[in-house]
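# Tertiary structure, described
Each chain, letter by letter, is given below.
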There are 4 protein chains.
Amino acid sequence: MLRIGLLTSGGDCQALNATMRGIVKTVLNNAKEKVEIYGFEDGYQGLIYGRYRKMEWADFSGVLTKGGTILGTSRTPFKMLDTPEADGVEKVPAMVANYRKLKLDCLFMLGGNGSTKTANRLRQEGLNVIALPKTIDNDTWGTDMTFGFPSAIDVATRCIDDIHTTASSHGRVFVIEIMGHKVGWIPLYAGVAGGADVILIPEIPYDMDNVVAAIERREEKGGRFAIVVVAEGAISREEAAMKKKAYKAKVAARVKPSVAYDIAEEIAARTGREVRVAVPGHTQRGGAPDAQDRIFATQCGVEAARACLEGQFGFMVAQRAGKMVRVPLEDVAGKLKYVDPDSDLVREAKLLGISFGDE
Amino acid sequence: MLRIGLLTSGGDCQALNATMRGIVKTVLNNAKEKVEIYGFEDGYQGLIYGRYRKMEWADFSGVLTKGGTILGTSRTPFKMLDTPEADGVEKVPAMVANYRKLKLDCLFMLGGNGSTKTANRLRQEGLNVIALPKTIDNDTWGTDMTFGFPSAIDVATRCIDDIHTTASSHGRVFVIEIMGHKVGWIPLYAGVAGGADVILIPEIPYDMDNVVAAIERREEKGGRFAIVVVAEGAISREEAAMKKKAYKAKVAARVKPSVAYDIAEEIAARTGREVRVAVPGHTQRGGAPDAQDRIFATQCGVEAARACLEGQFGFMVAQRAGKMVRVPLEDVAGKLKYVDPDSDLVREAKLLGISFGDE
Amino acid sequence: MLRIGLLTSGGDCQALNATMRGIVKTVLNNAKEKVEIYGFEDGYQGLIYGRYRKMEWADFSGVLTKGGTILGTSRTPFKMLDTPEADGVEKVPAMVANYRKLKLDCLFMLGGNGSTKTANRLRQEGLNVIALPKTIDNDTWGTDMTFGFPSAIDVATRCIDDIHTTASSHGRVFVIEIMGHKVGWIPLYAGVAGGADVILIPEIPYDMDNVVAAIERREEKGGRFAIVVVAEGAISREEAAMKKKAYKAKVAARVKPSVAYDIAEEIAARTGREVRVAVPGHTQRGGAPDAQDRIFATQCGVEAARACLEGQFGFMVAQRAGKMVRVPLEDVAGKLKYVDPDSDLVREAKLLGISFGDE
Amino acid sequence: MLRIGLLTSGGDCQALNATMRGIVKTVLNNAKEKVEIYGFEDGYQGLIYGRYRKMEWADFSGVLTKGGTILGTSRTPFKMLDTPEADGVEKVPAMVANYRKLKLDCLFMLGGNGSTKTANRLRQEGLNVIALPKTIDNDTWGTDMTFGFPSAIDVATRCIDDIHTTASSHGRVFVIEIMGHKVGWIPLYAGVAGGADVILIPEIPYDMDNVVAAIERREEKGGRFAIVVVAEGAISREEAAMKKKAYKAKVAARVKPSVAYDIAEEIAARTGREVRVAVPGHTQRGGAPDAQDRIFATQCGVEAARACLEGQFGFMVAQRAGKMVRVPLEDVAGKLKYVDPDSDLVREAKLLGISFGDE
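For every chain, the first residue of the written sequence is number 1, and numbering continues from 1 along that sequence. Labels are handed out in written order, letters beginning with A for the chains and numbers beginning with 1 for the ligands. Per-residue local features are limited, in this predicted model, to residues with pLDDT of at least 70; the limit for side-chain atom pairs, both in listing and counting, is 80 or more; totals at the level of whole chains, interfaces and linings are taken over all residues. Values reported for side chains reflect all heavy atoms of the structure, with hydrogen atoms and water molecules removed beforehand.

Now for the overall build of chain A. Helical segments are the DSSP runs of H or I of at least four residues, strand segments are the runs of E of at least two, and each set is numbered from the N terminus. Check the secondary structure of chain A and you find 14 helices and 12 strands. Atoms counted for the radius of gyration: C-alpha only. Globule rule: 2.2 Å times the number of residues to the power 0.38. Its C-alpha atoms give chain A a radius of gyration of 22 Å, within 12% of the compact-globule value 21 Å for 359 residues. Across its three principal axes, chain A shows a C-alpha extent of roughly 70 × 40 × 30 Å. Only protein chains enter the accessibility calculation, which uses a 1.4 Å probe. A residue is then buried if its area is under 20% of the maximum for its type, exposed if over 50%, and partly exposed in between. Residues classed as buried in chain A amount to 64% of the 359 residues present. Only heavy atoms matter for contacts: two residues are in contact if any of them lie within 4.5 Å across the pair. The long-range fraction of contacts in chain A, counting pairs at least 24 apart against all pairs at least 6 apart in sequence, stands at 75%. Accessible surface area values rest on a Shrake-Rupley calculation with a 1.4 Å probe, where residue burial reflects the displayed protein chains alone. As presented, chain A carries roughly 12300 Å² of accessible surface, and 49% of it is formed by carbon and sulfur atoms.

Structure, rendered in structure tokens:
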């Protein structure tokens, strides 16, 4: 008997179900023994509080194209693991106990950076854990790509496309805020795909003088409108100089007063142009996964299942230079992957004439 | 020689180009004489200041699927017509003069309510004007449908769909603000199409007690999440009691502090639930027109061209009970078409269990 | 206790699940008594052979956007009802018996023309039947619209759009075969929406001389490419003269040797142009329903449920001039709704310069 | 003065315009001197017969999202280069002469395998040529990816998705023929993305016994339907044994009697199942490019422009392991890139339970 557990942790994304289908289909097709599948509800919460359901192949049939996660998810910050808090539950021992009670052979954890830290902690406690790199933000260290990222680029690009027609009809400047948490991957990719004129990302602090100059340069060349893509974590040089403090505060408070509005107001004030704002927000993690995402998600699922069947645990499956690899959890846990300001795509974007506000 | 002018006025929408293609194609195909086409740039601004270009069929080839307007558009409030202001230009005489200078036989004006008032004014001055009902908001009196409306419903529905997956994964309440200006057509249609649980529109002032009760009722029945669709012009009973004053102020200020955020905060405070907001904004008027929109836009264009070839002017083309008709401009000018709170779709939505916050 | 049965019959379409959700949600929300729901599998087959499942609200939650039918469907030709055949089962008595055994109060039947005949037969046997107008073909007599039709137009239009770019790049003539069974609704609507140059539908038999002339006329005006939309049931005047015999044979044999290929060959031979064929086929009944379809499907579901709760049976719910109405099953059964060659949309399309091959 | 020429050759694809925009935008932004741009019409035909137009930035503005090619394209087989034929024109000298007459500094050629052979020939004649890897088929040797490929996967996957709902509703086997010319890249990727049960590609000749067995195995496990993805160049072992002769003939004749129909008939005959066929055909090269395609196309354009500005010619820009590189034209010309039957994705697909008909 092979007993496997599944959980999805942190912010949801488009190819979570596709990934789980890849795991389950591969395990069922290749296991020599009978397989039992347990799905924990709402991320680590399900493992902590023993909320799970026994699942069959039928539960995963047809979910390839289905966004979100059929298991539900939640954010369980790492620092809460060791705080029994109000409910008095010791989180780590509770998770270990539930794993043992179900006699699991392996726990598949689909999650991002924070969730990987917790996965590593469980590994240290002796559990067999395999992590799979989930996040629209593509900020997981150790892998070139994460599932969710391709589909998020699609949604963000579609938003920029939609804005293009209205921006050009009215001759307006549009500031579009794109997700990405502390990094600029989605804004960079969607900005290039959508034909943005300016892209502002956390890794390249901007100077508003340069942004304004770029918009005016475009106007002089006859451009009726301009598209400014702003990462939700974008920071100016002044903010950056304050050693990330301002930055962290901004990300923390990002639910309502979005960065884009402040930048839009400043552009309007300094250029005298009509400026509008678009914030696609959570739609970027919603909807069905695109083809590229489903393929990568499936590959992650197959690789994770393969490892489990080989009896290998304690790592995150990842892709590097087009190859699926396995990266030790202790190497991954808690590390972010940033956009390199000197990377090819940034350099190419600059050759195209896209301004990052840094020169 | 037949000389026609075209202009697109007010907020842009998805099927403006499709409509102009319909006009031009029909005129060119059926006119007995040679045809000259003049396109005025940026709405009435082009007619006032004599900014126009001579156009050929080639300019309209391939625009059927193209969002926005190839002529550009602008908002020229009716009350500005009689204020020479800083530039010293008498707007109405300037428009009449430019029309006369080009010896136009007809001016096709694609615009919404405000623009129709101006069109009627030009009619009174003796110009041959034909208006076509453009607006995503569907608030044009005298016609069952406007072009732009079907595509806006699509974008809004797609947004609700995308939010559904993330809302259900996290078990959250989402408040989605949908466009519509002073009326609730898009929120009503997209809300039904997207499976909303609550729909708040200006025509049905809401009581927050009822909204909260609807969300809690859903939770009791096992609904993990809830979708609240809010019109950008939604008002509470308290606001409505203030005789529209608060309402007008809110619409006027709607650029930044969107209605959805206030409602979300109140729901969060009163239910203790995790609430998030999505504001698709201008994407709702962007992108390519859908099939239904293109068909209706084409029908409007054909009907307007047909009237011009028949020598009939001074009306807006419209659709009533599935038939294309012509409505006198003086009947249309300045009137809004509201959602009837007792209409079939509202009644059907209530039978489905959708709350409008009124009971 | 209120006991309802549901079945989906005939070719599938996009909004079947959305319709059933509308029925079930309305019944559950408004019934005074407890409700039991039975879903019959694979259309009338399930009713004949007693294959059904008891269903809960949870089965219908989330199906609004899901194409196909969760119940499965099948074609059960009317003439087979009275042939016990190999299996020795008397079909009509078997259906009545299963209905009685479950003590059903009402059977909701989602189906097209043929299926409505069977529904009428069951009504004559004393069963409480409510039919709902399902079909992508829009050929159901008694209603202006059917669910499935809007989404099929979308898919067909998207196909024409995709072909446009390749046709224009290569300067080719493309013949695109669009579904519609014996009528031309989808080809007419998608042809107008997609900017077709020629549209051939069964209701307007074509003369190839006219088709060739239209293509050559377009070429003379500088059109590098041409789009010919052909209904799967399109017939030439010669074929039509043979009193529908050839026509029927063609429809019957349409699975493989599609009509479009023959027409393409003839165009290639007579114009010397490079001609290609596209046959989107079953994709036209697949995928998710669009917003318009979901709204109409929901309205049908609500109206049918409302009637059931009022104790009214024996009709098909329908839409006429924008209003939901109830049409007696005996009036509907076995009648087709054809495109009127003198209808507004055909006339408008001709004014646009679209050729129907008849002049 | 810098004078550049552009041409698009062979079958069209989705990101041709995006690529040209990348070239032109980069050259205009970074050239030290004035730039003249010449666009040749309909591929090499324009270069041979001197059909070109002088172009400005405005011609490339807004084409990022536009499918097809604004220059037009044509297939000019390599072997025709040295056959003056009927028109008496010596093709190669004519191309050299037109290049010289316009005093071009560089010719950018967007094309696939055959077109690259011709580009290499022009290089041998002393022209400065830079090739860019265009094709939906991804069969260009020397690069991991071609532009057009990502978007074609999208269209093909969407088709499989659409078919899924109808296949499952009716419990049918569907055979879907996917493009790819002599190789199986699109069917492999779209098959995995779309959740196919069987994928047949030219690189892995199939045995119908295995295909039938896979379908029956799925049925035994409760699968109501099955999706068989067939490459347009798929061959059985028998055909393969005939040393590619049959294979070539089949590809040559592929316009009408598509491979999918034969395979469908055989499956129907051997399984007794209801089988249907879908052939999305040319839609796979039509429509707008997706985000991934636009990014890669832009990167190709930037890299090609950068090389031109550096005075480097005679190669194709390519991507290997995520990096843009330059591959000598003589290495690329005339070589195909096949799917490796032992590659990771094939192996992973087999672990998932997908049958390739080879075992």
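A word on the relation of the copies chain C and chain D. Least squares is the method used to superpose the copies, on C-alpha atoms of residues holding a pLDDT of at least 70 in both. Superposition of chain C onto chain D requires a rotation of 180° combined with a translation of 0.0 Å along the rotation axis, giving an RMSD of 0.0 Å. Taken together, the rotation and translation relating the two chain copies correspond to the operation of a two-fold axis. For chain C, the smallest separation between a C-alpha atom and the rotation axis is recorded for Pro-280 of chain C, amounting to 2.8 Å. Most of the interface of chain C is mirrored in chain D, where 100% of its interface residues again form contacts.

This part is about the UniProt feature "binding site: ATP" (unreviewed entry) in chain A. Residues and elements named next belong to chain A. UniProt positions are given in the numbering used here, feature names are shortened, and annotations may be inferred rather than shown by experiment. Under the present numbering, the feature "binding site: ATP" (unreviewed entry) in UniProt falls on Gly-11, Arg-75, Thr-76, Gly-112, Asn-113, Gly-114 and Ser-115. These annotated residues cover 105 residues of sequence, and their C-alpha atoms all fall within 11.6 Å of one another, placing them together at a single site. Mapped onto the secondary structure, Thr-76 falls in the loop between helix 3 (57–60) and helix 4 (91–101). Thr-76 gets classed as buried once you look at its relative accessible area, which sits at 14%. Residues in contact with Thr-76, not counting those within four places in the same chain, are Tyr-44, Gln-45, Ile-48 and Thr-118. Inspection of the secondary structure puts Ser-115 in helix 5 (residues 113–124).

Below, the discussion takes up the sheet that holds strand 7 (residues 173–178) of chain B. All names here are of chain B. At least two bridges found by DSSP between two strands are what make those strands a pair. One open sheet holds the four strands; their spatial order is 8-9-7-10, and the pairing between them is parallel. Of all the strands in the sheet, just strand 8 (198–200) and strand 10 (275–278) have a single pairing partner and so form its edges. Taking each pair of neighbouring strands and ignoring which way they run, the sheet shows an average axis angle of 20°. Sheet topology note: the strand 7/strand 9 (residues 226–231) ladder contains six bridges and is parallel. In the sheet register, Glu-177 faces strand 9, and the bridge partner there is Val-230. Set on the sheet, helix 7 (residues 185–194) makes contact with strand 7, strand 8 and strand 9; between it and strand 8 the angle comes to about 175°. Simply put, an axis is a line fit to the C-alpha atoms, just over the touching stretch for a helix, and the angle between two N-to-C directions goes from 0 to 180 degrees.

Taken together, the contacts link 35 residues of chain A with 35 residues of chain B. For the pair chain A and chain B, the two sides together bury roughly 2800 Å², of which 50% comes from carbon and sulfur. Here, a salt bridge means any side-chain nitrogen of Lys or Arg that lies within 4 Å of a carboxyl oxygen of Asp or Glu. One can count four salt bridges joining chain A with chain B. Counted as a polar contact is a pair of N or O atoms within 3.5 Å, where, for protein atoms, one must be capable of donating a hydrogen and the other of accepting one, and residues adjacent in sequence contribute only when both atoms are in side chains. Seen at the junction of chain A and chain B, the total is 14 residue pairs in polar contact (both at pLDDT 80 or more). Elements that contribute at least two residues to the side of chain A that touches chain B include exactly helix 6 (149–170), helix 11 (259–271) and strand 10 (275–278) of chain A. At nine residues, the largest contribution of residues to the side of chain A that touches chain B is made by helix 6 of chain A. Lys, Arg, Asp and Glu make up the charged group, whereas Ala, Val, Leu, Ile, Met, Phe, Trp, Tyr, Cys and Pro make up the nonpolar group; the residues left over, Gly among them, are polar. Of the residues assigned to the side of chain A that touches chain B, the class counts are eight nonpolar, 15 polar and 12 charged. By buried area we mean how much accessible surface two parts lose on assembly, using a 1.4 Å probe and totalling the loss over both.

The next point concerns the domain arrangement of chain A. All names here are of chain A. For each domain, the first and last residues come from an automatic or database assignment. Taken domain by domain, chain A consists of domain 1 (2–148 + 289–332) and domain 2 (150–285). Its C-alpha centre places domain 1 at a distance of 33 Å from the equivalent point of domain 2. Across the contact, 16 residues belong to domain 1 and 13 residues belong to domain 2. In total, domain 1 and domain 2 occlude about 1200 Å² of area from one another, counting both sides; carbon and sulfur atoms represent 49% of this. Considering only the side of domain 1, the residues that lose the most area to domain 2 are Gln-14, Ile-136 and Asp-137, jointly responsible for 44% of the buried surface there. On the surface where domain 1 and domain 2 come into contact, there are zero salt bridges. On the surface where domain 1 and domain 2 come into contact, there are seven residue pairs in polar contact (both at pLDDT 80 or more). The residue inventory of the side of domain 1 that touches domain 2, partitioned by class, reads four nonpolar, six polar and six charged.

Next up on the list: the pairing of strand 1 (residues 2–8) of chain B. Residue and element names in this part refer to chain B. Along strand 1, six of the seven residues are buried, which leaves the element largely enclosed by surrounding structure. Where strand 1 meets strand 2 (residues 35–40), five bridges bridge the pair, whose relative direction is parallel. Directly across from Leu-2, in strand 2, lies its bridge partner Val-35. The definition of a right-handed crossover adopted here requires that, viewed with the strands pointing away, the path from the first strand over the helix to the second runs clockwise. Following the chain from strand 1 across helix 1 (residues 16–30) to the adjacent parallel strand 2, one finds a crossover that is right-handed.

It is worth spelling out the arrangement of the chains at this point. No interface is formed between chain A and chain C, the nearest pair of C-alpha atoms being 10 Å apart. There is no contact between chain B and chain D; across them, the least C-alpha separation is 10 Å.

Let us now look at the interface of chain C and chain D. Each side of the interface is counted separately: chain C has 34 residues, and chain D has 35 residues. Summed over both partners, the interface of chain C with chain D buries about 2800 Å², with 50% contributed by carbon and sulfur atoms. Counting across the chain C and chain D interface gives four salt bridges. Between Arg-158 of chain D and Asp-162 of chain C there is a salt bridge, and its shortest N-O distance comes to 3.1 Å. Every element with two or more residues in the side of chain C that touches chain D is listed here: helix 6 (149–170), helix 11 (259–271) and strand 10 (275–278) of chain C. Considering each element in turn, the side of chain C that touches chain D owes the most residues, nine residues, to helix 6 of chain C. Classifying every residue of the side of chain C that touches chain D by side-chain character gives eight nonpolar, 15 polar and 11 charged.

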